[in-house]
Amino acid sequence: MGARALIAIIGATALVSFGLLAFFVLTGRAELPAADPGSAHRWMYRNPLCQLPIFLCGVAISFLLPYVRRWSDLTHHVIQAAVLAYVLLLAMFRGEGGFWGAGSFGPFFVLPFTLALLSLASDRGWMARILKTRPMVTLGVASYALYITHRWLVWQLSSTDPVSKGHGIDPYVGWVLTICILLLVAEGAHRYIEEPARRWIVGIGKRLARKYPGRRPGVHAKPPVPAEERAPVNV
């Protein structure tokens, strides 16, 4: 499959995502609360079926990587800076209403993040260099533990109160404190729960593989030839 076909697939996934956004906005479902079974949150964010186009986009990105290696360093610098600026501007000027909420479930980010992933996967550009540093790699390794633990934990922390209700420097102090606690819990969960569990599961798999070895494909034992069919041996 050539680069044009892969780009067409990515473009089609973006159109599908924006089509879903238009459907939920025009039908008023983008305004429904998250708990409603027909809401945009329930479908565009929670339902794996609506995430399938984004998954296909990721597959297309993986096949496009050889073509991206031809880009210049300047191109990578510009793409990474532009995507970061886009995300920051979207966060600064985000409006109210269902359109913005539903758009943040995927459509707003399909094409910008496609460019970002293509650029970062080439290991070139200023952001790619930052992401290769040891602190960022450590955060990346523990990112799944952070994803699992942060949602519940953030509502239990009293440090989040100044972020939404405080004045002056209090919101910033509360935000930094909350982030530090979440990162510490995530690192602990990764190091003392996730990794031991992974080693235990892998160990069980290896023991089962040794106990029940599979037959190698293409290797078949030949049945013994009957004595009467053997060729005579001349002495």
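Residues numbered from 1 in each chain as written. Predicted model: local features only at pLDDT ≥ 70, side-chain atom pairs only at ≥ 80, totals over all residues. Heavy atoms only, no water.

## A closer look at the packing of aromatic side chains
Counted under the stated rule, the structure contains 7 aromatic pairs. A ring pair is formed by Phe23 and Phe24, whose centres lie 5.2 Å apart and whose planes are at 80 degrees; its orientation type is edge-to-face. Taken together, the aromatic side chains of Phe99, Trp100 and Phe108 make up a single cluster linked through ring pairs. (Phe/Tyr/Trp six-rings, centres within 6.5 Å; stacked < 30°, edge-to-face > 60°.)

## Notes on the packing of helix α9 (residues 143–156) against helix α11 (residues 170–211)
Packing of α9 against α11 leaves a shortest axis separation of 8 Å and a crossing angle of 130 degrees. On the basis of the axis angle, α9 is oblique to α11. Crossing of α9 against α11: the hand is right-handed. Here Tyr144, Ala145, Leu146, Thr149, His150, Leu153 and Val154 of α9 come into contact with α11, specifically with Thr178, Leu182, Leu183, Val185, Ala186, Ala189, His190 and Glu194. Considering only residue class, the contact of α9 with α11 consists of 10 nonpolar, 4 polar and 1 charged. (Axes fitted to C-alpha atoms, helices over the stretch in contact; angles between N-to-C directions. Helix = DSSP H or I, 4+ residues; strand = E, 2+ residues; numbered from the N terminus. Parallel < 35°, antiparallel > 145°, perpendicular 65-115°, else oblique. Left-handed = near helix turned anticlockwise from the far one by under 90°. Contact = heavy atoms within 4.5 Å. Nonpolar A, V, L, I, M, F, W, Y, C, P; charged D, E, K, R; others polar.)

## Observations regarding helix α3 (residues 48–68)
Over its 21 residues, α3 extends 29 Å from the first C-alpha to the last, a length consistent with the 30 Å expected when each residue adds 1.5 Å. A maximum bend of about 35 degrees is found in α3 at Ser62, where proline Pro66 lies one to four positions downstream. Inspection of α3 places Cys50, Pro53, Cys57, Ala60, Ile61, Leu64 and Val68 among the buried residues, and these make up the whole buried set. Turning to α3, the residues buried within the fold contact α1 (3–26), α2 (40–45), α4 (73–92) and α6 (110–120). Measuring from the backbone nitrogen of Leu49 back to the side-chain oxygen at the start of α3 gives 2.8 Å, which picks out Asn47 as the cap. (Expected span 1.5 Å × (residues − 1). Bend = angle between axes of the 7 residues up to and from the residue. Buried < 20%, exposed > 50% of the residue type's maximum accessible area, 1.4 Å probe, protein only. Polar contact = N/O pair within 3.5 Å; in protein donor to acceptor, adjacent residues only side chain to side chain.)

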